[in-house]
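# Structural overview
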There are 2 protein chains.
Amino acid sequence: MQIEHPYLMFLGDAADQLAAKTAQGIVHWRRDWCVGQLRLDDCNANLGLPEMTIAEAAAAGVRTLVIGVANRGGVISESWIETILAAIGAGMDVASGLHARITDIPGVADAAAANGGQLFDVRHPTETFEVGSGVRRPGKRLLAVGTDCSVGKMYTALAIDAELTGRGVDCDFRATGQTGIFIAGSGVSVDAVVSDFISGATEWLAPANAPDHWDLVEGQGSLFHPSYAGVTMGLVHGAQPDALVLCHEPTRTHMRGLPHQALPEVSACIEGHLAAARLTNPDARCVGIAVNTSGMDGDDTRVALLGELSDRFAMPALDPVREGVGAIADALERI
Amino acid sequence: MQIEHPYLMFLGDAADQLAAKTAQGIVHWRRDWCVGQLRLDDCNANLGLPEMTIAEAAAAGVRTLVIGVANRGGVISESWIETILAAIGAGMDVASGLHARITDIPGVADAAAANGGQLFDVRHPTETFEVGSGVRRPGKRLLAVGTDCSVGKMYTALAIDAELTGRGVDCDFRATGQTGIFIAGSGVSVDAVVSDFISGATEWLAPANAPDHWDLVEGQGSLFHPSYAGVTMGLVHGAQPDALVLCHEPTRTHMRGLPHQALPEVSACIEGHLAAARLTNPDARCVGIAVNTSGMDGDDTRVALLGELSDRFAMPALDPVREGVGAIADALERI
């Protein structure tokens, strides 16, 4: 799977800006891949990109129509199909992040086949994976892990990718979820892989590489989240990470989606993920804590928390959005 | 899914006795469900059951033809289809433990539909699961965990089920793999579930129950096996076990299938599985060590090892085949 850019971002009839969260992430990290947006009449989201028709996008060289919007139920609206068919007719591929598959829409699948266009349902892996072997492979890998879901693991991995790239370090961001896959142009939605193959899919995603090459692997879930820890465990074992970054959102009062489930302690979370990582890479270490401080009141509180974490764990603690990830990149360059 | 018995055990053209391992397990634990065996001319396996044709089996009241045999590549031989169709024609259901799906054979699927017969591909869950909630539910649960794959987790759980049943304790064996599913008549092959739903599938499999009821949950893999630990993790969290039994095979020199991967220490294995279990059940404890001593030379060595493990961890250490699991059942009755 390789999703070709430039992208035309399709927002459909998005109910609000939040419904276009995936599209916003893509624009944030790959602004130069996104040449325009296409919105239906009742769309309430806006990416601030030039409005384009399919014909205008085709003339501008767009290769893929990206459906980076969630609607009620994750289904594909009837009202979207005309646009999807027009894109295929204009020679574009179509990539969707919805739960429902565009490949399941008979008219769309037939049109793509007739036009030689590709359809990508990025939530649904189509590759066949082996079970993980655990055999060490060359190249260096970082994995973002978390105290919870949705605490900034993708953002952190992408920020480190950008920082290392800026320093001339040979590296790749490896996507494990839908937004990341649009940003990388490829990847595997590991939570949709059959459970026997989680670590194997991750070994495939971040394969053997040059000794000085860094893979920055997007994390998923948390070993301390009762719903998703199995995914995280396979990801940790398959990534064989040399370095972990722990991502944390300090204002959360319980695990995401589970009001009865307390957050783990930061120390337990570092130790737990390191213990798991060392099964396949005995040299695994935690190189930093990435804290999403956007929900914190007052700059003093924020600075105090970061200082406390940094002192306590003897590693950089920073908000990637505010401080950048230079201190973590420094640590990686020393490995 | 409920596979109805009595069973007719179909051995096809099994290359050797090992190819009929699944069928042997079923006969061992459910001899009274297995009224006969059907073997093709070139079959090299034998379960010691009466030989029966489809007509004889139908007359004996057989409800399901069980394909409990592996052939090269896990596919369905052409030579089997005549027997499968005859069983359907005689009003039986057909249940298969192969990787290839009998529901994918057009003639077989059509015949089953026409006859109102059911087809069960037990390796391929057809249920739709929710993601795990981690919410505590009533009833008691035991989960068999292991230092490795294939160390006797199913045998141990079934032995405890039989022991508790014999004592009049209200309990159920909950199957998580193909042989176990034939033995229980239902269950979920958790390693074939999409990884987002491992813990949710386990919550579904071992649901809320009477406070004194015990579910004996078959384990899979090991938290220390780099190929399958994700499955194990979701299973541990979903089972919310009150009790763990650690299963161990002391003569193994490396993790199954991975010559480079050392076995974990028994102590690390108990602690690791307990730490994971306590995320969803803070009262989880390890109640015993089940050791497969079949590969050990000499009775003295065997007795010495069990004594050493029992002393060191202050819990029963036994070979379920030789000593039975009475000491573990005693521990469960004290919970």
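All of these numbers come straight from a predicted model, not from anything done at the bench.

### A look at the overall build of chain A
Helix and strand counts for chain A stand at 11 helices and 11 strands. Compactness check: chain A gives a C-alpha radius of gyration of 20 Å against a globular reference of 20 Å for 335 residues, within 12% of the reference. When its C-alpha atoms are laid out on the principal axes, chain A stretches across 55 × 45 × 45 Å. Relative to its full complement of 335 residues, chain A shows a buried share of 54%. Looking at chain A alone, contacts between residues at least 24 apart form 76% of all its contacts between residues at least 6 apart.

### Looking at the sheet that holds strand S3 (residues 64-67) of chain B
All names here are of chain B. If you trace the five strands from one edge of the open sheet to the other, you get S2-S1-S3-S4-S5, paired in parallel fashion. What marks the edges here is a single partner per strand, and that holds for strand S2 (34-39) and strand S5 (119-121). Adjacent strand axes in the sheet meet at a mean angle of 20 degrees when their direction is disregarded. Of the pairings in the sheet, the one linking strand S1 (residues 7-12) to S2 comprises five bridges and is parallel in character.

### Observations regarding unusual backbone geometry
All names here are of chain A. Between histidine 5 and the following residue, proline 6, the backbone shows a cis peptide bond with an omega angle of 5 degrees. Of note in this structure, glutamine 240 is not a glycine but carries a positive phi near 50 degrees. Examined against the element boundaries, glutamine 240 turns out to sit in the loop between helix H8 (229-239) and strand S9 (243-248). For glutamine 240, a count of 28 C-beta atoms within 10 Å corresponds to the buried category.

### Description of the interface of chain B and chain A
Across the boundary between the two partners, chain B contributes 29 residues, which contact 29 residues of chain A. At the level of elements, helix H7 (198-205) and helix H8 (229-239) of chain B are the ones that each hand at least two residues to the side of chain B that touches chain A. Residue contributions to the side of chain B that touches chain A peak at six residues, all from H8 of chain B. Within the side of chain B that touches chain A, the residues separate by chemical class into 15 nonpolar, 12 polar and two charged.

### As for the sheet that holds strand S10 (residues 285-291) of chain A
Residues and elements named next belong to chain A. Strands sit in the order S7-S8-S6-S9-S10-S11 across an open sheet of six strands; the sheet is parallel. For this open sheet the edge positions go to strand S7 (171-174) and strand S11 (317-318), each flanked by a neighbour on one side alone. Relative to S9, strand S6 (residues 140-146) is paired through five bridges, and the arrangement is parallel. If you follow valine 145 over to S9, its bridge partner there is leucine 246. Along the sheet face, helix H9 (residues 266-277) touches S6, S9 and S10 and points at about 150 degrees away from the line of S9.

### Quick look at helix H4 (residues 106-115) of chain A
Residue and element names in this part refer to chain A. All buried positions along H4 are accounted for by Val108, Ala111 and Ala112. In an axial view of H4, the angular spread of the buried residues amounts to 100 degrees, which keeps them on one side of the axis. Within H4, the exposed residues directed more than 90 degrees away from the buried face are Pro106, Asp110, Ala113 and Ala114. On its buried face, H4 sits against helix H3 (78-89) and strand S5 (119-121). Looking one or two residues past H4, glycine 116 carries a phi angle of roughly 70 degrees, positive in sign.

### Overview of the relation of the copies chain B and chain A
Put simply, the two copies of the chain differ by a rotation about an axis and a shift along that axis. For these two chains of identical sequence, chain B goes onto chain A by a turn of 180 degrees and a shift of 0.0 Å along the axis, with RMSD 0.0 Å. Seen this way, the second copy is the image of the first under a two-fold rotation axis. Comparing interface residues between copies, 100% of those in chain B also sit at the interface in chain A, which points to an isologous, same-surface contact.

### Comments concerning the pairing of strand S8 (residues 214-217) of chain A
Side chains on a regular strand alternate between the two faces of the sheet. All names here are of chain A. In S8, alternate side chains face the same way, and those of Trp214 and Leu216 on one face and Asp215 and Val217 on the other are all buried. One ladder, built from four bridges, connects S6 with S8; its direction is parallel. From the neighbouring strand, leucine 143 faces S8, where its bridge partner is valine 217. Pairing between S7 and S8: four bridges, direction parallel. Bridged to aspartate 172 within S8 is aspartate 215.

### Focus on the domain arrangement of chain A
All names here are of chain A. When its domains are assigned, chain A resolves into domain 1 (7-121) and domain 2 (140-333). Computed from C-alpha atoms alone, the centre-to-centre distance between domain 1 and domain 2 is 29 Å. Between domain 1 and domain 2, the residue contacts involve nine residues of the former and five residues of the latter. For the side of domain 1 that touches domain 2, the element with the highest residue contribution is helix H1 (residues 21-29), accounting for four residues. Considered class by class, the residues forming the side of domain 1 that touches domain 2 number four nonpolar, four polar and one charged.

### Section: the environment of arginine 334 of chain A
Tracing the backbone through its elements, the reader meets arginine 334 of chain A in the segment after helix H11 (326-333). Note: C-alpha distance between arginine 334 of chain A and isoleucine 76 of chain A (258 residues apart in sequence) is 48 Å.

### Side note on the environment of asparagine 44 of chain B
Relative to the elements of secondary structure, asparagine 44 of chain B occurs in the loop between S2 and helix H2 (54-59). Taking the C-alpha atoms as reference points, asparagine 44 of chain B and alanine 14 of chain B, 30 residues apart in sequence, are found 5.6 Å from one another.

### Here's the deal with the packing of helix H3 (residues 78-89) of chain B against helix H4 (residues 106-115) of chain B
All names here are of chain B. One way to put it is that H3 packs onto H4 with a least axis distance of 9 Å and a crossing angle of 10 degrees. With respect to H4, the element H3 is oriented roughly parallel. Contacts between H3 and H4 pair Ile81, Ile84, Leu85, Ile88 and Gly89 from the former with Gly107, Val108, Ala111, Ala112 and Asn115 from the latter. Its residues assigned to classes, the contact of H3 with H4 shows seven nonpolar, three polar and no charged.

### Quick look at the packing of helix H5 (residues 153-166) of chain B against helix H11 (residues 326-333) of chain B
Residue and element names in this part refer to chain B. For the pair H5 and H11, the least separation of the axes is 9 Å and the interaxial angle reads 65 degrees. Considering how the two elements wind past one another, H5 and H11 form a crossing that is right-handed. Contacts between H5 and H11 involve Ile160, Glu163 and Leu164 on the former and, on the latter, Gly326, Ile328, Ala329 and Leu332. Taken together, the residues of the contact of H5 with H11 sort by class into five nonpolar, one polar and one charged.

### A few points about H8 of chain B
Of all 11 residues in H8 of chain B, 11 are buried; the element is thus mostly enclosed. By the burial criterion, the buried members of H8 of chain B are Ala229, Gly230, Val231, Thr232, Met233, Gly234, Leu235, Val236, His237, Gly238 and Ala239 of chain B. Elements that come into contact with the buried residues of H8 of chain B comprise helix H7 (198-205) and H8 of chain A together with strand S6 (140-146), H7, strand S8 (214-217) and helix H9 (266-277) of chain B. Trailing H8 of chain B by a residue or two, glutamine 240 of chain B shows a phi angle of about 50 degrees, which is positive.

### Concerning the confidence of the model for chain A
On average, chain A scores 96 in pLDDT, and the residues at 70 or more come to 100%. Interface confidence in the predicted complex, given as ipTM, is 0.94; pTM for the same model is 0.95.

Cut-off values and rules
Residues numbered from 1 in each chain as written. Chains lettered and ligands numbered in written order. Predicted model: local features only at pLDDT ≥ 70, side-chain atom pairs only at ≥ 80, totals over all residues. Helix = DSSP H or I, 4+ residues; strand = E, 2+ residues; numbered from the N terminus. Rg over C-alpha atoms; globule rule 2.2 N^0.38 Å. Buried ≥ 20, exposed ≤ 12 C-beta atoms within 10 Å, placed from the backbone. Contact = placed C-beta atoms within 7 Å. Pairing = 2+ DSSP bridges. Axes fitted to C-alpha atoms, helices over the stretch in contact; angles between N-to-C directions. Nonpolar A, V, L, I, M, F, W, Y, C, P; charged D, E, K, R; others polar. Arc of directions from axis to C-beta. Least-squares fit on C-alpha atoms with pLDDT ≥ 70 in both. Domains from an automatic or database assignment. Parallel < 35°, antiparallel > 145°, perpendicular 65-115°, else oblique. Left-handed = near helix turned anticlockwise from the far one by under 90°. pLDDT = per-residue confidence, 0-100.

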